[in-house]
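# Observations on chain architecture
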Amino acid sequence: MTKTALITGITGQDGSYLADLLLDKGYQVVGIVRRSTNYRYPNIDHLIGRVTLAYADLIDADALGDIIRRHQPDEVYNLAAQSVPADSWSQPIVTGEITALGAVRMMEAVRRHQPDARFYQATSREIYGGVPQEIVDEQTPFLANNPYGIAKLYAHLMTVNYRESYGMFACAGMLFNHESPRRGLHFVTRKVTMGAACIKLGITNPPLNEAGEPLVRDGKLKMGNLDAYRDWGYAKEYVEAMWLMLQQDTPQDYVIGTNTAYSIRDLCRVAFDHVGLNWEDHVETDERFLRPTEIFAQRGNPAKAKADLGWEPRTYFEELTRLMVDSDLALLSK
Ligand code: NAP
């Protein structure tokens, strides 16, 4: 029998890759989209007609409940969030409403209307925030240190609580950073790959950065802390881990990462090298883009995911950065 999967955040990076994966596996896919005055969904343009779209905001419990009741999904993936950690300082309340309480509204909708559905919650490595350990696994204590991480931690603990209190098949993936050509432009990897591509091609009307200014101006790209380290993997592979978690006999939570770490400086070097430019001629630091608190947990150890799910990363930092630069060059050349 055809299975139905419901994805919140289908217009985002992960939601769109997950929809690709589930369609390939023969699922019927329903995607929740929030109402907009401007119906542009570039990440799912290629899926229009193949997925069913349902309109709701994660703030609206009734609308979410109606959608679950109507579609009776077998699997529910809650990927929608105010997902930009940097924006969570300027918008802490909306971050709490969507990223924390939005997850609970989804779990309540499932519990009330389709309690046998399997539920996936998109947790983040940011729930570990200020822990001193460089390498994180499922035993590492949580120490979120920014409004986004704290909202994700609330949603994470509620996922565990719905599993324990109601016996729901609810899993959380503690995913380290994962990137792709579909990554939002306000995330650091895409900012750098798009910046390098714009400078290389001499683009005079670049997209806007997170401050609402041209991303590059006079051949310069403005960045925050170049010494921050991240564990970057490929989003297309990380959505496979989400699906695998929901196919197990028992629901559990998993750390997903590559167990490698590179700095933003490394990212700039690899991206600009790839277009034949010296990054130091083009990247400037700008205090406005510094985070008030930095994350110390640098690498996610996916050993448990490998043992239980058979999941492991295949694409690593340098290859990933280059494929994103190539994609941005192609996009701009159109
Ligand atoms: P993304 O590209 O920013 O996508 C976020 C999605 O959430 C978009 O579809 C967005 O819709 C939707 N959304 C935002 N507010 C909403 C609301 N109020 N109601 C309904 N939908 C709403 O994020 P992503 O990179 O795919 O990440 C997917 C999930 O994993 C997120 O929860 C993120 O926090 C989490 N996560 C991501 C990473 C990572 O490195 N990518 C790591 C750990 C955890 P619009 O298109 O309308 O904005």
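What follows is about the pattern of salt bridges. Taken as a whole and assessed by the stated rule, the structure comprises 21 salt bridges. Salt-bridge contacts for Glu 97 lead to Arg 105; the nearest nitrogen and oxygen are separated by 2.6 Å. Overall, the relative accessible area of 26% leaves Glu 97 in the partly exposed class. Note on Arg 105: relative accessible area 16%, which makes it buried. The network of salt bridges with shared partners includes Glu 108, Arg 111 and Arg 112.

Bringing the site of the ligand into the picture now. Taken together, 24 residues lie around the ligand, and Thr 11, Asp 14, Arg 34, Ser 83 and Tyr 148 are the ones closest in. Residue Leu 58 places a main-chain N or O atom 2.9 Å away from a nitrogen atom belonging to the ligand. Residue Ala 81 places a main-chain N or O atom 3.3 Å away from an oxygen atom belonging to the ligand. The protein chains hide 86% of the 900 Å² of surface that the ligand would expose on its own. Looking at the shell around the ligand element by element, the count peaks at 3 residues for strand S5 (residues 118-124).

Moving on, we get to the packing of aromatic side chains. One pass over the full model with this rule turns up 9 aromatic pairs. With centroids separated by 6.5 Å and ring planes inclined at 75°, the aromatic side chains of Tyr 17 and Tyr 234 adopt a geometry described as edge-to-face. With Tyr 17 in helix H1 (residues 13-24) and Tyr 234 in strand S12 (residues 233-234), the pair connects residues that are 217 residues apart, well separated along the chain. Each of the two residues, Tyr 17 as well as Tyr 234, counts as buried. Between Tyr 128 and Phe 142, the ring centres sit 5.6 Å apart and the planes meet at 45°, which makes this aromatic pair tilted. With Tyr 128 in the loop between S5 and strand S6 (135-136) and Phe 142 in the loop between S6 and helix H5 (147-166), the pair connects residues that are 14 residues apart, well separated along the chain. In textbook terms, an aromatic cluster arises when at least three aromatic residues are bridged by ring pairs, as seen for Tyr 39, Tyr 41 and Tyr 55.

This paragraph deals with the sheet that holds strand S3 (residues 52-55). A sheet is described by the order of its strands in space; here 7 strands give the open sequence S3-S2-S1-S4-S5-S7-S13, paired in parallel fashion. Strands with a single pairing partner mark the edges of an open sheet, and in this sheet they are S3 and strand S13 (254-256). On average, each strand axis in the sheet is tilted by 20° relative to the strand beside it, whichever way the strands run. The pairing of strand S2 (residues 28-33) with S3 spans 4 bridges and is parallel. Bridge pairing links Ile 32 to Ala 54 in S3. The sheet strands contacting H5 are S5 and strand S7 (170-175), and the helix crosses S5 at an angle near 155°.

Summarising the element assignment, Ser 90 is placed in helix H3 (residues 87-90). Sequence spacing of Ser 90 and Pro 147 is 57 residues, and the spatial spacing of their C-alpha atoms is 9.4 Å. At 3.1 Å, the side chain of Ser 90 forms a polar contact with the backbone oxygen of Asp 87.

Let's shift gears to the sheet that holds strand S10 (residues 220-223). The mixed open sheet is built from 3 strands, whose spatial order is S9-S10-S15. Each having just a single partner strand, strand S9 (216-217) and strand S15 (283-285) make up the two edges of the open sheet. Helix H6 (residues 188-201) contacts S9 and S10 of the sheet and is inclined by roughly 170° relative to S10.

As assigned here, the protein chain comprises domain 1 (4-179 + 232-256) and domain 2 (188-229 + 261-333). Computed over C-alpha atoms, the centres of domain 1 and domain 2 are 24 Å apart. Domain 1 puts 33 residues into the contact, and the matching count from domain 2 is 31 residues. For the pair domain 1 and domain 2, the summed buried surface comes to about 3,000 Å²; carbon and sulfur atoms form 59% of the total. When the area that domain 1 buries against domain 2 is broken down by residue, the three leading residues are Glu 134, Trp 232 and Glu 237, summing to 26%. At the junction of domain 1 with domain 2, the criterion picks out 3 salt bridges. Between Glu 126 and Arg 291 there is a salt bridge; the shortest N-O distance is 3.4 Å. Joining domain 1 to domain 2, the criterion identifies 14 residue pairs in polar contact (both at pLDDT 80 or more). Going through the elements one at a time, S6, S12, helix H7 (235-245) and S13 are the ones with two or more residues in the side of domain 1 that touches domain 2. When residues of the side of domain 1 that touches domain 2 are assigned to their parent elements, the largest contribution, 6 residues, is made by H7. Its residues placed into classes, the side of domain 1 that touches domain 2 shows 16 nonpolar, 8 polar and 9 charged.

About the cut-offs
- Residues numbered from 1 in each chain as written.
- Predicted model: local features only at pLDDT ≥ 70, side-chain atom pairs only at ≥ 80, totals over all residues.
- Heavy atoms only, no water.
- Salt bridge = Lys/Arg side-chain N within 4 Å of Asp/Glu carboxyl O.
- Buried < 20%, exposed > 50% of the residue type's maximum accessible area, 1.4 Å probe, protein only.
- Near = heavy atom within 4 Å.
- Polar contact = N/O pair within 3.5 Å; in protein donor to acceptor, adjacent residues only side chain to side chain.
- Areas by Shrake-Rupley, 256 points an atom, 1.4 Å probe, with all protein chains shown as cover.
- Helix = DSSP H or I, 4+ residues; strand = E, 2+ residues; numbered from the N terminus.
- Phe/Tyr/Trp six-rings, centres within 6.5 Å; stacked < 30°, edge-to-face > 60°.
- Pairing = 2+ DSSP bridges.
- Axes fitted to C-alpha atoms, helices over the stretch in contact; angles between N-to-C directions.
- Contact = heavy atoms within 4.5 Å.
- Domains from an automatic or database assignment.
- Buried area = accessible area lost by both parts, 1.4 Å probe.
- Nonpolar A, V, L, I, M, F, W, Y, C, P; charged D, E, K, R; others polar.

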